[in-house]
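Tertiary structure, described
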Amino acid sequence: MIAIRPVRLPDDEAQLLALGRIFTTDRVYRIARTAHSFTLDEVSVRPPLRKEFPLADELGENRAWEHGFVAEEAGAIVGFAAFTHRPWNRRTELWHLYVAPAVRGQGVGRALVDTVVAAAREAGARCVWLETSTVAYPAIQFYRRLGFELCGLDLSLYEPASVAPGEAALYFARAV
């Protein structure tokens, strides 16, 4: 049975750093650009792309997020979501969402997102907003299934030396 509770730092740090933040995909999105528009084209990649997201710098005092929840099963953390409420535009920003590979597809991610949406609603937010990458194909499919819609992109957000060729930021939002 999965239980959701507020994150407790620094107590949860070791388990959060051990949480699976890796994904592998054989599909990504490439951005096709014209003078006045963009489209996302789904393309196959061989060999499959493997990516790990860093987290250590995001657990200290200078972290970008303010609130977090963990999903636990039998005392072990199997999921993590971190977010911040932005009162000026009534938006909740989802900064991190990770689910251990062994429990992916079992509703842990959905439970964490539902908890963040409930917190956003309670805070008076109008939407939950997030940034992900064009190479995070599995995450994009997950977010779309949960009602998130593409609302923007940024071709210059990432440092080119630290990302896959053609990788760009995509933004999604879901009304609360």
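Scroll up to find the structure this text is about.
Residues numbered from 1 in each chain as written. Predicted model: local features only at pLDDT ≥ 70, side-chain atom pairs only at ≥ 80, totals over all residues. Heavy atoms only, no water.

1. Focus on helix 3 (residues 137-145)
Put simply, the rule is: Three labels apply to residues, based on accessible area from a 1.4 Å probe with only protein chains included: buried if under 20% of the type maximum, exposed if over 50%, partly exposed otherwise in between. A helix here means a DSSP run of H or I that spans at least four residues, while a strand means a run of E at least two residues long, and both kinds are numbered starting from the N terminus. The contact definition used throughout considers only heavy atoms, calling two residues in contact when any of these lie within 4.5 Å.
Buried within helix 3 are the following residues: Tyr137, Ile140, Phe142 and Tyr143. Lining the buried residues of helix 3 we find strand 2 (22-33), strand 3 (38-52), strand 6 (91-99), helix 2 (108-122), strand 7 (127-133) and strand 9 (169-175). Directly beyond the C-terminal end of helix 3, a positive phi value near 95 degrees is found at Gly147.

2. Structural notes on the sheet that holds strand 5 (residues 76-86)
Just so we agree on the cut-off: In short, DSSP must find at least two bridges between two strands for them to pair. Axis definition: a line fitted to C-alpha atoms, limited for helices to the stretch in contact. Angles are taken between N-to-C directions and run from 0 to 180 degrees.
Spatially, 1-4-5-6-7-9-8 is the arrangement adopted by the seven strands of the open sheet, whose pairing is mixed. Of all the strands in the sheet, just strand 1 (2-6) and strand 8 (149-154) have a single pairing partner and so form its edges. Between one strand axis and the next, the sheet turns by 25 degrees as a mean value, whatever way the strands run. The sheet contact formed by strand 8 and strand 9 spans five bridges and is antiparallel.

3. Examining the pattern of salt bridges
Heads up, the condition is: We count a salt bridge whenever a side-chain nitrogen from Lys or Arg sits within 4 Å of a carboxyl oxygen from Asp or Glu.
The full count for this structure, using the stated rule, is nine salt bridges. In this structure, Arg27 engages Glu42 in a salt bridge whose closest nitrogen and oxygen atoms are separated by 3.5 Å. Taken together, the residues span a long stretch of sequence, with Arg27 in strand 2 and Glu42 in strand 3 at a distance of 15 residues. Classification of Arg27 as partly exposed rests on a relative accessible area of 33%.

4. Topic: the side chain of Ser133
Quick note on the threshold: Polar contacts, as used here, are pairs of N or O atoms within 3.5 Å; protein pairs need one atom able to donate a hydrogen and one able to accept it. Residues neighboring in sequence count only if both atoms are side-chain atoms.
Tracing the sequence through the fold places Ser133 in strand 7. Only 2.5 Å separates the side chain of Ser133 from the side chain of Glu167, close enough to count as a polar contact. Residues within four places of Ser133 in sequence aside, it is in contact with Ile140, Tyr158, Glu167 and Ala168.

5. Brief notes about the pairing of strand 7
Test applied: With strands facing away from the observer, any crossover in which the path from the first strand over the helix to the second runs clockwise is taken as right-handed.
Of all the seven residues making up strand 7, six are buried; the element is thus mostly covered by neighbouring parts of the structure. Where strand 6 lies against strand 7, four bridges are found, and the strand directions are parallel. Within strand 7, the position partnered with Glu93 by the bridge is Trp129. Handedness of the crossover joining strand 6 and strand 7 through helix 2: right-handed. In this structure, strand 7 lies alongside strand 9, joined through seven bridges in antiparallel fashion. Residue pairing for strand 9: Val128 is matched across the bridge by Arg174.

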